[in-house]
Structure formats: C-alpha cells, structure tokens
Amino acid sequence: MPTSTHTESDSPTAVFAAEWEQWHAAHERRRADPHGFLAVTHLHWLSAEPSRLEGVPGVWSVKNDAVTVVLEASESLLRDGKELNGRELNGSAAKDGSTTVVFNPIAEREGINLTAGPAVVELAKRGGEYIVRPRHPENALLNEYRGTPAYAPDPRFAVEGVYVPFELPRPTTVGAAVEGIVHVYEAPGEIRFELDGQDLTLTAFNGHTPGTLSVLFTDATSGKTTYAANRSLTVAAPDADGRVTLDFNRAVNLPCAYTELATCPLPPAENRLTVAIEAGEQNPHERQAGK
C-alpha cells in the first residue's frame, strides 16, 4: 500500500497561515524602516511667519503655495544628495553666506524628502497645509518598537466581494487624526460583500499601486481589541467581472495608531461597520506597554 506524502503543513489552512506570516513580517520590516513614520520626532505646520523648527535646519515659511527655507552658511540640507546651501538652482546666496531656497508647490498627499545629517526631513502637504516632519533613526518610538499584535490568520475573514464602480468618481471628505483638518479623496466605487450573514458595503478609494483599491474602516472590535480610529485594507484590482477578495487578515494600522505626529484620514461614515472583524492587526499599544 503506497505511503501518503501529505503533511499537515500542506493543508490549505497551513499554507494560508504561512503566507500571512511572510506578508506580516515584511510589513513589520517596512514599518520599522529607519526613516519610517516611527522615526518622526516632530510635526511642524508652516505659516507665513518665518520660524525655526525644532530638529530641522533653517528658517521656514510658506506663502502663495510656495515654501521658503533660509539656510545659514553653517547649515546643511540635501536634496537627492545635493547640498541646497548655495547650490540649488532656485536658491540665492546672500552676503552673509546664507541661502534662500524656494520649493515649488506640492500636490495634496505628496511630498519630498530632504536629508539633514542622519535624519530625513519630510516636506509635505496635508489637508491643504504644508508640514515639515523630521525623521530620525534614533527616535525612541522606533528603537523601542517591538512589533504589532494581530489576530491569528483565519480564512473565514478572506471573503469574496464585488466592486461596483460609480458612474463618476465621488469626492469624499473625511476627517483626520489631527483636529481641524480634513482630507478629500476620490472614491471610484464601492465593494459589496457578505460577512456573518450580513450584506455589507465599503466605499473604496484608489490604492497606492495603480489598479488597486484601498478601504478605511472601523468595526465592532474598534476601540476594544483593535485601534479605535481606523484600519486600512488594500484590495487587489478587480477582475473582468468586478470580483475582488477582501482579506481582512491583512487589515493594518495607520501611523496614527502609533504616534500623535500623524495626519491619517478617518473612514467615511458608511465604512463604520457593526460586524466584528476579528482579523488583522490589533491595537499596538497593548504590546508597546508590555502587556
């Protein structure tokens, strides 16, 4: 009688779990990048009043959608490896050796990275305002990070759905983790699916990778085992029939779950689900507190 070569590790559930483990380990490595959001030390909102910013070289201001920084002769700030002080095309040097650099307007939710010694200085636009965020690899939040707890992967929470595009993309205004600002996203459509016998719908935004979708949501676990404000799920591009897979095991926390120096968007009202999605990343503060 032939001997079976099948092992328990070959079962669909074991394969599903192994693939999830690989994915989550890679996600954790990206999150702990030396210049990732865990390395952010300050969040500065620029104004027309020239100001020195803690942790950042220069005197900064913004007017008419253009950001200006004045660097003293002794200050160093690089862009793409090139020193801004006296060498930037749109910079001008003064008699005292200082250099004035003017940055072109930046689109909403975009930014540029500058280098100041071991730190990266992020200049970006959020909620219509300009921000500067230094990211230092020696930041305590980054060095003390010990990972994010998550539910054990469960195939039950990888559900099939149907993407239904809107006739026209809908501008959707949502709140933010920072009080007083809002984000506006274009929602190209919605995803309809069933979970625990309930017919559910999520408004979808465009994902970071062309063709993919992104959903922000809360559920009955939010504020209990998962972060209260939001979680995010990336959905692969729909097939020709609009079918998608919502694998909530891969729902992740946004930066605001870890730091107050983030401007993360909140879910639209219709994405606040009443069903308990016991899958994906949990509240990170349980582990950071050593609980």
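As a reminder, the structure under discussion sits directly above these lines.
What counts as what
- Residues numbered from 1 in each chain as written.
- Predicted model: local features only at pLDDT ≥ 70, side-chain atom pairs only at ≥ 80, totals over all residues.
- Heavy atoms only, no water.
- Helix = DSSP H or I, 4+ residues; strand = E, 2+ residues; numbered from the N terminus.
- Buried < 20%, exposed > 50% of the residue type's maximum accessible area, 1.4 Å probe, protein only.
- Contact = heavy atoms within 4.5 Å.
- Areas by Shrake-Rupley, 256 points an atom, 1.4 Å probe, with all protein chains shown as cover.
- Salt bridge = Lys/Arg side-chain N within 4 Å of Asp/Glu carboxyl O.
- Pairing = 2+ DSSP bridges.
- Axes fitted to C-alpha atoms, helices over the stretch in contact; angles between N-to-C directions.
- 1 Å grid on protein atoms, 1.4 Å probe; cavity = no way out; pocket = protein on both sides within 12 Å on 5 of 7 lines; lining within 4 Å.
- Points joined across faces, edges and corners; volume = space filled by probe spheres on them.
- Nonpolar A, V, L, I, M, F, W, Y, C, P; charged D, E, K, R; others polar.
- Disulfide = S-S within 2.5 Å.
- Phe/Tyr/Trp six-rings, centres within 6.5 Å; stacked < 30°, edge-to-face > 60°.
- Lys NZ or Arg CZ within 6 Å of the ring centre and 35° of its normal.

Enquirer: Would you explain the overall build of the protein in this entry?
Expert: Across its full length, the protein holds 3 helices and 17 strands. Taken across its 291 residues, the protein has 47% of its residues classed as buried. In the protein, of all internal contacts separated by at least 6 residues, the share reaching a separation of at least 24 is 59%. Here the protein has roughly 15300 Å² of accessible surface; of this, 51% comes from carbon and sulfur atoms.

Enquirer: Would you mind showing me how to read the pattern of salt bridges here?
Expert: A side chain with one charge can pair with a side chain of the opposite charge if their charged atoms come near. Applying the stated criterion to the full structure yields 14 salt bridges. Between D196 and R156 there is a salt bridge, with its nearest N and O atoms 2.8 Å apart. One end of the pair, D196, is in the loop between β13 (183-195) and β14 (198-206); the other, R156, is in the loop between α2 (140-143) and β12 (158-174), with 40 residues separating them in the sequence. A residue is classified by how much of its surface remains accessible, and D196, at 46% relative accessible area, is partly exposed. Given a relative accessible area of 43%, R156 falls into the partly exposed group. Where R192 meets E190, a salt bridge forms, and the shortest distance between an N and an O atom there is 2.8 Å. The class of E190 is buried, set by a relative accessible area of 16%. Salt bridges linked by common partners bring E122, R126, R133 and R135 together as one network.

Enquirer: Even after reading the chapter, I still don't get the side chain of N283, so can you show me in this structure?
Expert: Relative to the assigned elements, N283 resides in the loop between β17 (243-247) and α3 (285-288). You can call N283 buried: its relative accessible area is 14%.

Enquirer: Would you mind going over the sheet that holds β17 with me for this structure?
Expert: Paired through backbone hydrogen bonds, the strands of a sheet run either parallel or antiparallel to each other. Strand order in the open sheet made by the 6 strands is β16-β15-β14-β13-β12-β17, with antiparallel pairing throughout. Each edge of the sheet is formed by a strand with only one pairing partner; in this case those strands are β16 (231-235) and β17. Averaged over all adjacent pairs, the angle separating strand axes in this sheet is 45 degrees, with direction ignored. Note that β14 and strand β15 (residues 213-217) share 2 bridges and pair antiparallel.

Enquirer: Explanation requested: the layout of surface pockets in the structure shown.
Expert: Unfilled space is identified by rolling a water-sized probe across the atoms. Here the largest pocket defines a volume of roughly 1700 Å³. Lining the largest pocket we find 47 residues, and of these H208, S214, S232, L254 and P255 sit closest to its centre. Here the residues of the lining of the largest pocket are counted per class, giving 19 nonpolar, 17 polar and 11 charged.

Enquirer: Could you clarify how one ought to interpret unusual backbone geometry in this entry?
Expert: What you tend to see is this: most non-glycine residues have negative phi, and most peptide bonds are trans. For N64, which is not a glycine, the phi torsion comes out positive at approximately 55 degrees. Tracing the backbone shows N64 in the loop between β3 (59-63) and β4 (66-71). On the basis of relative accessibility, which here comes to 71%, the residue N64 falls in the exposed class.

Enquirer: Is there a simple way to explain the state of the cysteines in this structure?
Expert: Each disulfide consists of one covalent bond between the sulfur atoms belonging to two cysteines. What the rule picks out here adds up to 0 disulfides. Distance from the sulfur of C256, which forms no disulfide, to the nearest cysteine sulfur (C264) is 3.4 Å. Since its relative accessible area comes to 6%, C264 is described here as buried.

Enquirer: Would you explain the pairing of strand β9 (residues 111-116) in this entry?
Expert: Side chains on a regular strand alternate between the two faces of the sheet. The alternating pattern of β9 places I112, L114 and A116 on a buried face and G111, N113 and T115 on a face that is not buried. Two strands pair when backbone bridges link them, and β9 and strand β10 (residues 119-126) are joined in this way by 6 bridges, in the antiparallel orientation. Bridge pairing links T115 to V120 in β10. Connecting the antiparallel pair β9 and β10 is a turn made up of 2 residues, with G117 showing a positive phi of about 65 degrees.

Enquirer: Looking at this structure, how should I read the packing of aromatic side chains?
Expert: Two measures describe an aromatic ring pair: the distance that separates the ring centres and the angle between the ring planes. Under the counting rule described, the total for this entry stands at 7 aromatic pairs. With 5.5 Å between their ring centres and 50 degrees between their planes, F37 and Y258 make a pair best called tilted. Placement of the pair is F37 in the loop between α1 (12-31) and β1 (44-45) and Y258 in the loop between β17 and α3, with a sequence separation of 221 residues. Seen from their ring centres, F217 and F248 are 5.4 Å apart, and the 80 degrees between their planes marks the pair as edge-to-face. In this pair, F217 is assigned in strand β15 and F248 in the loop between β17 and α3, connecting sequence segments 31 residues apart. Take F217 and F248: they sit in the same class, and that class is buried. By way of ring pairs, the aromatic residues F37, Y145 and Y258 are connected into one cluster. Directly above the ring of Y185 sits R109, whose terminal nitrogen or CZ lies 4.0 Å from the centroid. The cationic tip of R170 hangs over the ring face of F166; the distance from NZ or CZ to the ring centre is 3.6 Å.

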